[in-house]
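# Inside the fold
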Amino acid sequence: MYEGNPVEPFDLPEQSLRTLESMIGMKITIIDNDGIFNFKQRRAVFSPDRASHKKNAVCRCGFSERCIAHCRFEMNRLCLQADDPFLSSCWKGIFQIVVPLKFASIHYGMLYAGVFRDPELAPDESVMKNLSFSGAYRELPLLDRTEIGKLFPLLRIQAEGIISFLRTANIVNDSYDLRKFRITEFVAANLKNSIGLPDLAAHLKLSVSHTSVLVRKLLGRSFSEYLILRRVDRAAQYLSATDLPLRKTADLCGFSSEFHLSRMFKRVKGIPPSLFRNRLKKKWGDNG
């Protein structure tokens, strides 16, 4: 019978991943969609480096926005449509195993295992010019699709087990908490774009009518009302921190025109944006 020291529930998922890494000889990365594993709880579920590919030398070299776009957003899109593990290669020519982290209709994120190179597919010459990258790349194990495929069932069970454990231990909340975060994040990321309730519904993979009810339940107002509030708040940030003309501010905040911004700003804040900016300048001048 095991008589080791008791382990706190928060520590078990991280310990299980460390054991898995030792067993398969590969580093594991966990990237979550809604921050649920990193900052929405009382403490982090995983160690700080678990959420970053930078622990891999080949990923650390030349790490950029393109890396984030691929491993977070592009893989998130693919995992929404997949249940089984699959192989993916990034813009640097690095292959990884990708495992969707799902429960029912909720997609929590992705588990990544290993980094490999395919001897038949060389990276772009512009990438290989980076001597640190080229050296790290040549040290990667060769891609053996047959052997790697044997790990897929183990990794899928590991991923499903982690999510099941976190839910059973009430370490992650259920869909409504996640959906509220996804709604607010979607709006924040798309304020300058022309978006409406159908766009949010598509993002949440729900019907428009269901999304409308959900927004009112979680945010206490309609989607259009919430969108205006966030756009006005963003405009107030630009007005207080920059000297951008009102027309440019309107563009950056998703308003159709300077007039539209002024009308909505006055409705929400009670004063026109020009007066809001002038009052701030006067206040700063008085404090100076």
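The rules behind these values
- Residues numbered from 1 in each chain as written.
- Predicted model: local features only at pLDDT ≥ 70, side-chain atom pairs only at ≥ 80, totals over all residues.
- Heavy atoms only, no water.
- Helix = DSSP H or I, 4+ residues; strand = E, 2+ residues; numbered from the N terminus.
- Buried < 20%, exposed > 50% of the residue type's maximum accessible area, 1.4 Å probe, protein only.
- Contact = heavy atoms within 4.5 Å.
- Areas by Shrake-Rupley, 256 points an atom, 1.4 Å probe, with all protein chains shown as cover.
- Pairing = 2+ DSSP bridges.
- Axes fitted to C-alpha atoms, helices over the stretch in contact; angles between N-to-C directions.
- Phe/Tyr/Trp six-rings, centres within 6.5 Å; stacked < 30°, edge-to-face > 60°.
- Lys NZ or Arg CZ within 6 Å of the ring centre and 35° of its normal.
- pLDDT = per-residue confidence, 0-100.
- Lys, Arg positive; Asp, Glu negative; His and termini not counted.
- Salt bridge = Lys/Arg side-chain N within 4 Å of Asp/Glu carboxyl O.
- Polar contact = N/O pair within 3.5 Å; in protein donor to acceptor, adjacent residues only side chain to side chain.
- Core = buried A, V, L, I, M, F, W, Y, C linked by side-chain atoms within 4.5 Å.

Of regular secondary structure, the protein possesses 14 helices and four strands. When burial is assessed residue by residue, the protein has 43% of its 288 residues classed as buried. Taking as baseline every contact in the protein between residues at least 6 positions apart, the subset at least 24 positions apart corresponds to 61%. By element, 52% of the accessible surface of the protein is carried by carbon and sulfur atoms, the whole surface being about 16000 Å².

Read across the open sheet, the four strands follow the order S1-S4-S3-S2; overall the sheet is antiparallel. A strand with exactly one partner marks an edge of an open sheet, and here the two such strands are strand S1 (28–32) and strand S2 (86–89). Sheet twist, expressed as the average angle between the axes of neighbouring strands with direction ignored, equals 35°. With five bridges connecting them, S1 and strand S4 (residues 106–116) associate as antiparallel partners. Residue pairing in the sheet places Thr29 in a bridge with Tyr112 of S4. Relative to the sheet, helix H3 (residues 65–80) contacts S1, S2, strand S3 (95–103) and S4, its axis offset from that of S4 by approximately 120°. Contacts between helix H7 (residues 152–168) and the sheet are confined to S2, S3 and S4, with S3 contributing the most and set at about 35° to the helix.

The next point concerns the packing of aromatic side chains. Per the stated rule, a full pass over the model turns up two aromatic pairs. Between Phe265 and Phe276, the ring centres sit 5.2 Å apart and the planes meet at 70°, which makes this aromatic pair edge-to-face. With a gap of eleven residues between them, Phe265 in helix H13 (residues 258–269) and Phe276 in helix H14 (residues 273–287) connect regions that are remote in the sequence. Here Arg167 stacks its cationic end above the ring of Phe103, 3.6 Å away from the centre of that ring.

The next subject is the confidence of the model for the protein. Keep in mind that low pLDDT regions are not for reading the predicted coordinates in detail. When pLDDT is averaged along the protein, the result is 85, and 89% of the positions lie at 70 or above. Element-level pLDDT for the protein is lowest in H14, with a mean of 76, against a maximum mean of 95 in H13.

Moving on: the side chain of Lys55. Tracing the sequence through the fold places Lys55 in the loop between S1 and helix H2 (57–60). Among buried Asp, Glu, Lys and Arg side chains, Lys55 stands out as unpaired, with Asp49 the closest opposite charge at 5.3 Å. Engagement of the side chain of Lys55 in a polar contact is seen with the backbone oxygen of Ser52, the distance being 2.7 Å. Once residues lying within four places of it in the same chain are set aside, the contact partners of Lys55 are Lys27, Ile28, Thr29, Asp49, Arg50 and Arg60.

With that out of the way, let us pick up the nonpolar core. Ranked by size, the top nonpolar core spans 28 residues in total, and within it Ile28, Ile30, Phe37, Ile97, Leu101, Leu111 and Leu155 carry the most contacts. For this core, the secondary structure elements donating two or more residues are helix H1 (12–24), S1, S3, S4 and H7. Discounting residues that sit within four places of it in the chain, Ile30 has contacts with Leu17, Phe37, Phe46, Arg50, Ala51, Leu101, Met110 and Leu111. The next biggest cluster of nonpolar side chains, apart from the first, holds 16 residues, and it includes Ile183, Phe186, Leu200 and Leu204.

Within S1, five of the five residues are buried, which leaves the element mostly enclosed by the surrounding structure. Where burial is concerned, the two faces of S1 agree: the one with Ile28, Ile30 and Asp32 and the one with Thr29 and Ile31 are both buried.

This paragraph deals with unusual backbone geometry. Here the phi dihedral of Lys205 falls at roughly 60°; this positive angle occurs in a residue that is not glycine. For Lys205, a relative accessible area of 55% corresponds to the exposed category.

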